[in-house]
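One letter stands for each residue in the lines below.
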Amino acid sequence: MTKHALLSPSSAHRWMACPGSISFAAEEPPRSEAAARGALLHEWVAWNLCPEGAAPRPLPNPEEQDLIEVCADYGWRLKKGSTAHWVEQPVPIADFTGEEGATGTVDLLVYRRRERVVDVVDWKFGSGVRVDAGTSANPNPQLALYALGARAFLRHRRAADPKAYRLHVVQPAREGADIVELTLSDLNAFAERVRAAAQATSANPGRFVPGASMRPRFFTAENAASGLPLRGPHPLQ
């Protein structure tokens, strides 16, 4: 079983802004109903993209099939013509967070050798909080940390180093998909910020920064989206 990472990508928006918040993650909390729902929807999207083995357990709410179809269609279109792709792929992040053996799991990772571009995709199934990909100067911390892990993953496979990483947040219940492209310079700058923030959680574990990016990231979507409007430079357009 993979050890629960304290400095996880999903909570990076919190611990990068507030070192003291790591104390709340010392013990992995019990899985909530919303988290269990999100995990099941992720399993269904993964199975649609890579239908191997038995299908996941049935959805409690059949209407949520629309959410799965939107994400799966997005993934199929994105990986078409790619050199390689991976679904629910663990990537190493220990070199950036300092936690031995730490990994993050990318929902969909797509590599295009000819263009030297990597697409890092994250499915979000909530409607309560809109999640965006950020900007090249200030990217979504979760996806940017995945991108760093993807770079290490591809280097291990001796793939040519990509020149750009596209971060995709696909949230069908809230305005579709948001995309931002990072250059290697952008990614290297973020790597320095991550390392500094990770060190701060050890050096200043009692330092709290009130109001600093502490917005909770939980998702309880109940409504399916009928379409997928796009924001940002999109490779499918």
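Structure: above.
Residues numbered from 1 in each chain as written. Predicted model: local features only at pLDDT ≥ 70, side-chain atom pairs only at ≥ 80, totals over all residues. Heavy atoms only, no water.

A tally of helices and strands in the protein yields 6 helices and 6 strands. Tracing the protein from N to C terminus, the helices and strands come up as α-α-α-β-α-β-β-α-β-β-α-β. Counting all 237 residues of the protein, 47% fall into the buried class. Within the protein, contacts between residues separated by at least 24 positions form 72% of all contacts whose residues are at least 6 apart in sequence. Total accessible area on the protein is roughly 12,000 Å²; 50% of this is exposed by carbon and sulfur atoms. (Helix = DSSP H or I, 4+ residues; strand = E, 2+ residues; numbered from the N terminus. Buried < 20%, exposed > 50% of the residue type's maximum accessible area, 1.4 Å probe, protein only. Contact = heavy atoms within 4.5 Å. Areas by Shrake-Rupley, 256 points an atom, 1.4 Å probe, with all protein chains shown as cover.)

Next up on the list: the pairing of strand E5 (residues 176-183). Within a regular strand, side chains alternate between the sheet's two faces. With 6 of 8 residues buried, E5 lies mostly within the body of the structure. Relative to E5, strand E4 (residues 164-171) is paired through 8 bridges, and the arrangement is antiparallel. Pairing of valine 169 across the sheet is with aspartate 178, part of E5. Where E4 folds back on E5, the antiparallel hairpin that results is connected by 4 residues, among which glutamate 175 adopts a positive phi of roughly 65 degrees. (Pairing = 2+ DSSP bridges.)

Of note, glutamate 64 is situated in the loop between helix H2 (33-49) and helix H3 (65-79). Remark: the alpha-carbon pair of glutamate 64 and leucine 41, spanning 23 residues in sequence, is separated by 8.2 Å. Polar contacts involving the side chain of glutamate 64 include one to the side chain of arginine 37, which spans 2.6 Å. (Polar contact = N/O pair within 3.5 Å; in protein donor to acceptor, adjacent residues only side chain to side chain.)

For the structure on display, the rule yields 9 salt bridges. Across the salt bridge formed by arginine 77 and aspartate 73, the nearest N and O atoms sit 3.1 Å from each other. Note that arginine 77 and aspartate 73 are positioned in helix H3 at a spacing of 4 residues, about one turn of the helix. Judged by its relative accessible area of 36%, arginine 77 falls in the partly exposed class. (Salt bridge = Lys/Arg side-chain N within 4 Å of Asp/Glu carboxyl O.)

The first and last C-alpha atoms of helix H5 (residues 141-156) sit 23 Å apart over 16 residues, in line with the 22 Å expected at 1.5 Å per residue. Counting buried positions along H5 gives 13 out of 16 residues, so the element sits mostly inside the fold. At the N-terminal end of H5, a side-chain oxygen is found 2.9 Å from the backbone nitrogen of glutamine 142, two or three residues along, and the residue is asparagine 140. Looking one or two residues past H5, arginine 158 carries a phi angle of roughly 60 degrees, positive in sign. (Expected span 1.5 Å × (residues − 1).)

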